Structure formats: structure tokens, C-alpha cells
Amino acid sequence: LTLFPQDGRDADVLVKTADLALSWAKQEGAGACVLYRHELHLRAIERNTIERDLRTALAQNQLMLFYQPKVDIESGRVTGAEALIRWWHEDRGFIPPATFIPVAERSGLVVPLTKWVLDEACRQNRVWQDDGLMKIGVAVNVSAIDLRRTDLTDTIANTLIRRGLSPQFLELEVTESMVMEDVDVVIGTLRRLRSLGVGISIDDFGTGYSSLAYLKRFPVKRLKIDRSFVQDVADGRDGNVIPKVIIDLAHALGVKVIAEGVETVEQYEALHALGCDEVQGYFVGRPMPAAEFEVFLRNSPAGGLQGTAIQVSKPAAVKPGRKPGLKDSAA
């Protein structure tokens, strides 16, 4: 919707303001109605600026990956890491993924962005293995757009070959809402990736609308409990209900469970008591640049001793240097 005369005094201007309101209405989903306001114009300018600068960042290698450890809840051993994209802008400093990932998805930049993340994560993991560090899997977030690409499997296979990394050390994280879009297409893509040897993890589990019938068909290696459920897990019986259901369901299907956003010893111990397999969060390790993560890995249980697990009661708390980074919605 746009209104005369406050939004414009001629047809061309009114059509432009109506079109801008329409573009924002489409982003809000079917049935949404948006009334034009000047803020939409400012947001469009900001979006265009982010898109332009992101193209430059991709071309000039201004992006970087941080790695957040995943830890076995029983032994305290690092079992893997999630690769999280970070963008350092020369004028604006760190730009949160929640700001630029949606722009990348709308502009089509998410495709080259995902390719870069996959390549860099595989390259770095190969370097760690060549340096004699414990072999772990690295998880990469992919978007709904990536899952619908017919060449995704070929892209991943070529990346693994180019970087000399075994598929077992790469995992793809997809959100629950993603896998419920074009279910048959997504299942076909995930099965091809799984047959390649790549692990599949469903992120933010419990926040979407998965059918249990579909869940049995997904070739999933892990379910990740959303942080919103982890926050309440130590508060008593009611906070345990949903995590317990997810853990029991996953184990019945032969799938491992990891909880994200674990920040306190109480949450860690509650999840341990519920039978959760792995945890991720500030309590065990914050997202770190590659060099810092390498030090963390060397100092962790069995960090420099491949195939040797050192039993510990639980990992020591890590005091974050800053607040947790925003979760990447893609890549």
C-alpha cells in the first residue's frame, strides 16, 4: 500500500513506493500487507550497500571463518567444530551474519558464499590434519537455496577432492524449516550427499514442523537441540520435557544429539543426565579464529594424540571475551 499525497504526488513516485512496500511484504510471507513508510527506503539503501560491499568482500578475501568446538559430553573430548562465517568491514568493523546473510540469500550471493565457506573449511581441516592434530569433522551451514541446487553434490565432491579431505570429516547443517520445503527434492539431495560420505545434521530441531514420517526418511547423522530449549533445561522438570523427547526420539532412530547454546555447568549436567551425546556453546568453547582454535584443539583431551581418548569429568568453563556471535543462518 502507498498513499497519495504523503508518499508521492505523481504516478511514477507512487508506483515506486508501492513496489518497495510490495518487496518487503513478500519477505514477510504470504498474506502480508505492508504500508510504505520512509524507513523502508532507508532499509533498501542499507541492503543495497551491504550487497555491494559483500561482493567486494568476496572478491578481495575479506571474509573469515571462526570455529566453535563440539564436545563429547561424557569424555570432554572435542568431536568436531562448526564453521561460522565472519565479515570484517574496513569501515564498519564486524558485520553480524544476521545482517548480511539474508542479503546474500535475496541477491543470489549465497551461492558463491557457500562455495567459499566449503572450500575454506575443507582447506583448513586438511591443514590441521597434516599438522598432526586430532582428526575431527567440521560442519558448514547451507541455505535452502543451496539445497535446491542441482550441482550441490558435485560442488562438494569437487571441493573435497581438490582439498584432499575425506568426506567423513565434513558435515552439512540444515535447519528443520529448510528440509520441510520441497521435501522430496531435499531428501534426494541429502541422500546423494550422504552416499558421498558427508554427514548431515538438522539444526534448530524442535522449532519447526517436521513430520515424524519424514524424519525417518532423512539420512541424518545428528539432531541439534535449539538453544531456546537449552536455556530452560536446568530449571526443573518442565524445562527437561522437550529436550528429553528429542533425545529419546533421536536415539530410537539411531541418531546422535547435540545441544547448542550451552553456557552453564547446570545446563551441561542436566543434558548429561538426559543422555545428550554432545554439546556446543560458551561453556565448552566460544567461536575462535583458526589459529586460536588450533591452540584450543592441541590443549583439549587427546588434542595431539590421534586415537587416544583421555577421560575427564567435564570440560572447564570458558569465559567469553565478548558476547556470543549471532548464529549464521546460512553457509
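Residues numbered from 1 in each chain as written. Predicted model: local features only at pLDDT ≥ 70, side-chain atom pairs only at ≥ 80, totals over all residues. Heavy atoms only, no water.

**What to know about the overall build of the protein**
Part 1: The helix and strand inventory of the protein stands at 13 helices and 10 strands.
Part 2: Counting only residues that meet the buried cut, the protein has 49% of its 331 residues in that class.
Part 3: A total of about 15600 Å² of accessible surface is found on the protein, and carbon and sulfur atoms cover 53% of it. (Helix = DSSP H or I, 4+ residues; strand = E, 2+ residues; numbered from the N terminus. Buried < 20%, exposed > 50% of the residue type's maximum accessible area, 1.4 Å probe, protein only. Areas by Shrake-Rupley, 256 points an atom, 1.4 Å probe, with all protein chains shown as cover.)

**Some points on helix H13 (residues 290–299)**
Part 1: Taken together, the buried positions of H13 are occupied by Ala290, Phe293, Glu294 and Leu297. For H13, the buried positions fall inside an angular range of 105° around the axis, keeping them on one side. The outward face of H13, more than 90 degrees from its buried face, is lined by the exposed residues Ala291 and Asn299.
Part 2: Against strand E1 (63–72), strand E2 (78–89), helix H4 (110–130) and strand E10 (288–289) lie the buried residues of H13. (Arc of directions from axis to C-beta. Contact = heavy atoms within 4.5 Å.)

**As for H4**
It helps to recall that an α-helix has 3.6 residues per turn; residues three or four apart then point in one direction.
Part 1: The end-to-end C-alpha separation of H4 is 30 Å, in line with the 30 Å expected for 21 residues at 1.5 Å each.
Part 2: Just downstream of H4, Gly132 is the residue with a positive phi angle, here 85°. (Expected span 1.5 Å × (residues − 1).)

**Let's talk about the confidence of the model for the protein**
Part 1: Here the protein averages 83 in pLDDT, while 87% of its residues score no lower than 70.
Part 2: Taken element by element, the predicted model of the protein shows its lowest mean pLDDT in helix H9 (residues 212–217) (72) and its highest in E10 (96).
Part 3: In this model residues 304–331 is a low-confidence stretch, pLDDT under 50, and it forms 76 contacts with partners more than four residues away in sequence or in other chains. (pLDDT = per-residue confidence, 0-100.)

**Here's the deal with unusual backbone geometry**
Part 1: Pro5 follows Phe4 through a cis peptide bond whose omega is 5°.
Part 2: Residue placement: Pro5 occurs in the segment before helix H1 (11–28).
Part 3: With a phi angle near 60°, Asn61 is a residue other than glycine that sits in the positive phi range.
Part 4: Note that Asn61 resides in the loop between helix H2 (38–59) and E1.

**Some remarks on the environment of Asp119**
Part 1: Relative to the assigned elements, Asp119 resides in helix H4.
Part 2: When the C-alpha positions of Asp119 and Arg162 are compared, they lie 8.7 Å apart, and in sequence the two are 43 residues distant.
Part 3: Non-local contacts of Asp119, meaning those with residues more than four positions away in its chain, are made with Thr159, Arg162 and Arg163.
Part 4: One polar contact links Asp119 to Arg162, side chain to side chain, over a distance of 2.9 Å. (Polar contact = N/O pair within 3.5 Å; in protein donor to acceptor, adjacent residues only side chain to side chain.)

**Observations regarding the pattern of salt bridges**
Part 1: Under the criterion given, the structure shown has 18 salt bridges.
Part 2: Put simply, Asp146 and Arg149 hold a salt bridge, and the shortest N to O gap is 3.2 Å.
Part 3: Residue Asp146 is classed as buried on the basis of its relative accessible area, which comes to 0%.
Part 4: Close ionic contact of Lys244 with Asp248 constitutes a salt bridge, the shortest N to O distance being 3.4 Å. Taken together, the residues Lys244 and Asp248, both in helix H11 (residues 237–252) and 4 residues apart, mark about one turn of the helix. (Salt bridge = Lys/Arg side-chain N within 4 Å of Asp/Glu carboxyl O.)

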